[in-house]
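An overview of the molecular structure
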Amino acid sequence: MSLLEIRGLEVRYGGIRAVKGIDLEVGAGEMVCLIGANGAGKSSTLRAISGLVPTAPGAVRFDGGDFAGIPAFRRARAGLVMVPEGRGVFARLSVEENLAMGAYVRADAEVQPDRARVFEIFPRLAERSRQTAGTLSGGEQQMLAIGRALMSRPKLLALDEPSMGLAPIAAQKILQVIRDINRSGVTVLLVEQNARSALALAHRAYVMESGEITLSGEARALLADPRVREAYLGEAAG
Amino acid sequence: MDIFIQQVINGLTLGAVYAMVALGYTMVYGIIQLINFAHGEVVMIGAMVAFSVIGALAPSGLPPLAIVLVAAGCAIPVCMLVGYAMERLAYRPLRGAPRLAPLITAIGVSIILQHLAMMIWSRNPLAFPQIIKVESYHFAGATITSVQIAILAISLAMMAGLAALVYRTRLGTAMRATAHNPQVAGLMGIDANRIIALTFVIGAALAAVAGVMVASYYGIAHYAMGSQLGLKAFCAAVLGGIGNIPGAMLGGVLLGVVEALGAGYIGDLTGNVFGSNYQDVFAFIVLIAVLVLRPSGLLGERVGDRA
Ligand SMILES: Nc1ncnc2c1ncn2[C@@H]1O[C@H](COP(=O)(O)OP(=O)(O)O)[C@@H](O)[C@H]1O
Ligand SMILES: [Mg+2]
């Protein structure tokens, strides 16, 4: 059984249907990526999964339970944690306080070792632990947003364009870290505009176009698919 | 010089009360961008409950200090309940509504609470029982009373406690996180509604203590006392930078001192055309000056800085 199961998901903003009844699954331990052009409905899908927009009964099931009507904070407590588009760090809180907020829902005593692990993954954050998050560079804020999400020990980590706005090297580094996080046992659903890197790292992938899933399958297979190469990897067909 | 020192002492006392009330405005504004016009009424209810408790216990022969403590001990939970109830019943259902809706509701809540208080405690000013004998101490040509010392000490302790809660605890960090971005706080598993309710309850507790203090200071309690006091505390919050906790503390104290000095010198400065009964205009002069010269307040950040 899949950890995350999406059936006929629709997202509407007023009269606009941004997501038009998609199916998507993420199995435990998998790393799945969702790619597509701007405005395809990727962020809307993640918002629906994490509870920021309402969904119909049965559309989003996580860990065997229906998420309809469950508020975002309960979904996070259930282990589904999203890093939103634009990172959403608490700009006026220090790096340490941001990480503490990631661990807000946890009562166990292992918060300290987990923080040490985050600092190990992102040494830059350790150097800046007392700075307010607003003073960090874009790449550092992305590290903080991911580190903060890890602090909650998610079962499924959903990331919305984590490489957006980063220089190519920083973007590559972030994606590598996400792959390492997945290898350490965290299920990952990755939304990326950087289709080539995302497909190279993920197990499976979905391609989204105007609110619909148009292609899906093994990431490697999609990387070789001429339709994907033409539309998302900037290559001529054939 | 004597009058200067005296008015500074009086102003600090009053300012401490303003600061305690201003914190309630600023914390609620910081987290849901609502000016809770009913907050002054919570102060009034604190004073009224204390009035009733002191009146009931005064003949009992209990030590006066114990009676006052019991009175505050009753006023605080009653006000916390009122604060919780107004958030739960009046403001939460309007979350996500256009900003004008909760604002008008706040005015409605304020009117309802005032009239309830009028029905319970009468429409007349009530002489607040002065059961503790007031001691006066003289120094440098000025006088400070034991009530003033108590007000200053209690406010200082409560504000230090609040600052420790907000800036040193996990819960306080969650409050600041929610104020900054409630949606992302939700993604971290923080129940924003619970944090918002808690903010109202904490503000109400401070208001309760302020109510007891201000009623003991002036020796009077009245069902409408909350509206003017609340309005001035709101001015103090704007002066410090609405939404900013240290700003509310600073704004309250400054406003109290400005008001007291203004009242002390206005006669001399205007050739006695205006007297100290004009004291109340200073808060609003300060409010207008702030809005014109520095709308973000003394410690507030630039408008637009808030995500
Ligand atoms: N809050 C909103 N209100 C109205 N329309 C929106 C909103 N958010 C997104 N949309 C629309 O929904 C569609 C999908 O947007 P989005 O999910 O952000 O796509 P993507 O993340 O793939 O770029 C777009 O047409 C966008 O304009
Ligand atoms: Mg997007």
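Reference entry: report on the structure contained in this document.

About the cut-offs
Throughout, a residue's number is its position along its own chain's written sequence, starting from 1. The order in which chains are written sets their letters, starting at A; the order in which ligands are written sets their numbers, starting at 1. Totals for whole chains, interfaces and linings use all residues, but because this is a predicted model, local features are given only for residues with pLDDT of at least 70 and pairs of side-chain atoms are given and counted only at 80 or more. Processing note: side-chain calculations cover all non-hydrogen atoms of the structure and skip hydrogens and water entirely. By the criteria applied, helices consist of DSSP H or I runs no shorter than four residues and strands consist of E runs no shorter than two, each listed in order from the N terminus. Each residue is assigned to one of three classes by its accessible area relative to the maximum for its type, calculated with a 1.4 Å probe on protein chains only: buried under 20%, partly exposed between the two thresholds, exposed over 50%. The contact definition used throughout considers only heavy atoms, calling two residues in contact when any of these lie within 4.5 Å. Each accessible area is a Shrake-Rupley result for a 1.4 Å probe, and residues are judged covered by the shown protein chains and nothing else. When charges are tallied, Lys and Arg are placed among the positive residues and Asp and Glu among the negative ones, while His and the ends of the chain are skipped. Lys charges are placed at NZ, Arg charges at CZ, Asp charges at CG and Glu charges at CD. By convention in this text, a residue qualifies as near a molecule or strand provided that one of its non-hydrogen atoms is within 4 Å of it. N or O atoms closer than or at 3.5 Å make up a polar contact, with two conditions inside protein: a donor-capable atom paired with an acceptor-capable one, and, for residues adjacent in sequence, both atoms drawn from side chains. In this description, strands pair whenever DSSP reports at least two bridges between them. Angles here are taken between N-to-C directions and fall from 0 to 180 degrees, while the axes themselves are lines fitted to C-alpha atoms, restricted in helices to the stretch in contact. Donors, by definition, are the N, O and S atoms found within 2.8 Å of a metal, the threshold being 3.2 Å for Na, K and Ca, and water is not counted, so a site can look incomplete. Site definitions follow a grid-based scheme: protein atoms alone, a 1 Å grid, a 1.4 Å probe that fits but cannot get out for cavities, and for pockets an open set with protein on both sides within 12 Å along at least five of seven lines, plus lining residues having an atom within 4 Å of a point. Grid points are joined across faces, edges and corners, and a volume is the space filled by probe spheres set on the points. When residues are grouped by polarity, Ala, Val, Leu, Ile, Met, Phe, Trp, Tyr, Cys and Pro land in nonpolar, Asp, Glu, Lys and Arg in charged, and all others, Gly among them, in polar. Centre distance within 6.5 Å is the pairing criterion for rings of Phe, Tyr and Trp, where only the six-membered ring of Trp is used; planes under 30 degrees apart are then read as stacked, over 60 as edge-to-face, and the remainder as tilted. Two limits define a charge over a ring: the Lys NZ or Arg CZ must be within 6 Å of the ring centre, and within 35 degrees of the ring normal. What counts as buried area is the accessible surface, traced by a 1.4 Å probe, that two parts surrender upon association, with contributions from both included. For this analysis, a salt bridge means a side-chain nitrogen from Lys or Arg found within 4 Å of a carboxyl oxygen belonging to Asp or Glu.

Description of the overall build of chain B
- A count of helices and strands for chain B gives 11 helices and 4 strands.
- Once the C-alpha set of chain B is aligned to its principal axes, its extents read approximately 60 × 50 × 35 Å.
- By the burial criterion, 51% of the 307 residues in chain B qualify as buried.
- Restricting to contacts in chain B with at least 6 residues of sequence separation, those with at least 24 account for 78%.
- Element-wise, carbon and sulfur atoms account for 70% of the exposed surface of chain B, whose accessible area totals about 13,400 Å².
- Each charge class in chain B can be summarised by its mean position, and for the 14 positive and 10 negative side chains these summaries are 13 Å apart.

Notes on the site of ligand 1
All names here are of chain A.
- In the neighbourhood of ligand 1, the contacting residues comprise Tyr13, Ala18, Ala37, Asn38, Gly39, Ala40, Gly41, Lys42, Ser43, Ser44 and Arg47.
- At 2.7 Å from an oxygen atom of ligand 1 is found a side-chain nitrogen or oxygen belonging to Ser43.
- Within the side chain of Ser44, a nitrogen or oxygen atom sits 2.5 Å from an oxygen atom of ligand 1.
- For the shell around ligand 1, the leading source of residues is helix H1 (residues 42-50), giving 4 residues.

Focus on the sheet that holds strand S4 (residues 60-62) of chain A
Residues and elements named next belong to chain A.
- Within the open sheet, the 4 strands sit side by side as S2-S1-S4-S5. Their pairing is antiparallel. One side of each edge strand has no neighbouring strand; the edge strands of this open sheet are strand S2 (16-26) and strand S5 (65-66).
- Packed onto the sheet, H1 meets strand S1 (4-13), S2 and S4 and runs at close to 115° relative to S1.

What to know about the coordination of the magnesium ion (ligand 2)
- Donor atoms from the polypeptide that coordinate the magnesium ion (ligand 2) comprise Ser43 of chain A (OG) and Glu85 of chain A (OE), at 2.0 to 2.6 Å from the metal. One end of the pair, Ser43 of chain A, is in helix H1; the other, Glu85 of chain A, is in the loop between strand S6 (80-83) and helix H3 (95-102), and 42 residues separate them in sequence.

A look at empty space enclosed by the protein
- Going through the model one piece at a time under the given rule, you end up with 2 cavities of 30 Å³ or more.
- Here the largest cavity is characterised by a volume of approximately 50 Å³.
- In terms of lining, the largest cavity is formed by Gly24, Val28, Asn36, His39, Val42, Gly83, Met86, Thr199, Phe200, Gly203 and Ala204 of chain B.
- Those elements that provide at least two residues to the lining of the largest cavity are helix H1 (2-32), helix H2 (39-57), helix H3 (64-91) and helix H8 (192-218) of chain B.
- Broken down by element, the residue count for the lining of the largest cavity peaks at 4 residues, all from H8 of chain B.
- Across the lining of the largest cavity, the residue classes tally to 5 nonpolar, 6 polar and no charged.
- Taken together, Asp114, Arg117, Val118, Ile121 and Leu150 of chain A make up the full set of residues lining the second largest cavity.
- The element that contributes the greatest number of residues to the lining of the second largest cavity is helix H4 (residues 111-121) of chain A, accounting for 4 residues.

A short note on the packing of aromatic side chains
- According to the stated counting rule, one finds 6 aromatic pairs over all chains in the structure shown.
- Here the aromatic residues Tyr25, Phe37 and Phe234 of chain B are joined through ring pairs into a cluster of three or more.
- Above the face of the Phe90 of chain A ring, Arg148 of chain A is positioned so that its terminal group lies 4.9 Å from the ring centre.

A few points about the interface of chain B and chain A
- With 22 residues of chain B at the contact, the number on the chain A side is 23 residues.
- It is His180, Leu187 and Met188 of chain B that lose the most area in chain B upon contact with chain A, and together they represent 35% of the buried surface on that side.
- One can count 1 salt bridge joining chain B with chain A.
- One salt bridge connects Arg176 of chain B with Glu97 of chain A, and the closest N-O pair in it is separated by 2.8 Å.
- Taken together, the connections running from chain B to chain A amount to 4 residue pairs in polar contact (both at pLDDT 80 or more).
- If you list the elements that add at least two residues to the side of chain B that touches chain A, you get helix H6 (170-180), helix H7 (182-187) and H8 of chain B.
- Top element by residues in the side of chain B that touches chain A is H6 of chain B. It accounts for 7 residues.
- A per-class count over the side of chain B that touches chain A returns 10 nonpolar, 6 polar and 6 charged.

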